[in-house]
Amino acid sequence: QVQLVESGGGLVQAGGSLRLSCAASGSIFSIDVMNWYRQAPGKQRELVAGITSGGITNYADSVKGRFTISRDNAKNTVYLQMNSLKPEDTAIYYCQQVINRASYWGQGTQVTVSS
């Protein structure tokens, strides 16, 4: 059984920073793409950033230049460094990983940015 555990969310003032982590555990043979999504109240879940097994990254336009996604393959962990946070970044953040060719989701972590 594969499990994803997220950490690092919290309350921060506008302009501040947070770093999210998402660690996978269990019977893992391969991890392909790792993604971060977010869902704000009343809105659809959206892709924030992704990183392939080869290290190729992509970002939503709204976070380009402020957020950085990275991964540590030895630890089966993906990170999201979030800088210059804005109130509109407030959401529940979810990690998603393709492990053993199946998709797994974390439980979500709340990020709240106050103005």
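Each remark here, short or long, concerns the structure printed above.
Report follows, based on the coordinates.

Cut-off values and rules
- Residues numbered from 1 in each chain as written.
- Predicted model: local features only at pLDDT ≥ 70, side-chain atom pairs only at ≥ 80, totals over all residues.
- Heavy atoms only, no water.
- Helix = DSSP H or I, 4+ residues; strand = E, 2+ residues; numbered from the N terminus.
- Contact = heavy atoms within 4.5 Å.
- Core = buried A, V, L, I, M, F, W, Y, C linked by side-chain atoms within 4.5 Å.
- Buried < 20%, exposed > 50% of the residue type's maximum accessible area, 1.4 Å probe, protein only.

## Points about the side chain of Ser21
In step 1: Relative to the helices and strands, Ser21 resides in strand 3 (residues 18-25).
In step 2: Not counting residues within four places of it along the chain, the set of residues in contact with Ser21 comprises Val5, Glu6, Ser7, Trp36, Thr77, Val78 and Tyr79.

## Brief notes about unusual backbone geometry
In step 1: Of note in this structure, Asn100 is not a glycine but carries a positive phi near 50°.
In step 2: Among the structural elements, Asn100 can be located in the loop between strand 9 (91-99) and strand 10 (102-105).

## Describing the nonpolar core
In step 1: Of all hydrophobic cores here, the largest spans 28 residues; its most connected members are Trp36, Val48, Phe67, Val78, Leu80, Met82 and Tyr93.
In step 2: Where this core is concerned, the elements lending two or more residues are strand 3, strand 4 (31-39), strand 5 (46-51), strand 7 (67-72), strand 8 (77-82), strand 9 and strand 11 (109-114).
In step 3: In this structure, Val48 is in contact with Trp36, Tyr37, Arg38, Asn58, Tyr59, Ala60, Val63, Phe67, Leu80 and Tyr93, ignoring residues within four places of it in sequence.

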